[in-house]
Amino acid sequence: MKDSLKILNDQTVESSSGWKVEILSTDSLMYSEEGKSVLLEIEEHRDTIGADVEWTIYEPLAWCWDRQKEHIISQKESSEILNRIELAFWMLDLKIKEII
């Protein structure tokens, strides 16, 4: 079954397979799935006239669910999460400058 995406509002994308990306503010976003979540820092960059906006997404120093060190997210899972975040930004027509 193909995963379908739905834009819930101008800051949230949800998939039919159960994951969700929600931009909480100009400095954070929440990725969640199956009752677990991970918070990522983001930063908004505007050009000199303020028309174009690009985003930097900062990977967590330690990938873990719900900020609990015993719930570590594997490298494969973190890569998949970042791919889904990129897809959500594309759906919301938001440009990613870089992921670091």
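No experiment lies behind these values; they were computed from the predicted model shown.

Here we take up the environment of Ser4. Following the sequence through the fold, Ser4 ends up in the segment before strand 1 (5-9). Overall, Ser4 belongs to the partly exposed group, its relative accessible area being 43%. Between the alpha carbons of Ser4 and Trp65 there is a distance of 24 Å; along the sequence they are 61 residues apart. Dropping the residues within four chain positions of it, Ser4 is found in contact with Glu14, Ser15 and Ser16.

Over its 17 residues, helix 1 (residues 75-91) extends 24 Å from the first C-alpha to the last, a length consistent with the 24 Å expected when each residue adds 1.5 Å. Buried residues belonging to helix 1 abut strand 2 (12-15), strand 3 (20-25), strand 4 (28-33), strand 5 (36-46), strand 6 (53-58) and strand 7 (95-99). Among the residues trailing helix 1, Asp93 stands out with phi positive, at a value near 60°.

Secondary-structure assignment places Pro60 in the loop between strand 6 and helix 1. On a C-alpha basis, the gap between Pro60 and Ser78 in space is 9.7 Å, while along the polypeptide they are 18 residues apart. Residues within four places of Pro60 in sequence aside, it is in contact with Val38, Leu39 and Leu40.

Calculation notes
Residue positions are given per chain, counting from 1 as you read along its sequence in written order. Confidence filtering applies because this is a predicted model: local features only for residues at pLDDT of at least 70, side-chain atom pairs given and counted only at 80 or more, and all residues used for totals across whole chains, interfaces and linings. Hydrogens and water molecules were not included; the side-chain quantities draw on all heavy atoms of the structure. Where helices and strands are cited, they refer to DSSP runs of H or I of at least four residues and of E of at least two residues respectively, numbered from the N terminus. Each residue is assigned to one of three classes by its accessible area relative to the maximum for its type, calculated with a 1.4 Å probe on protein chains only: buried under 20%, partly exposed between the two thresholds, exposed over 50%. What makes two residues a contact is simply this: any of their non-hydrogen atoms within 4.5 Å. In this analysis, the expected span of each helix is defined as 1.5 Å times one less than the number of residues it contains.

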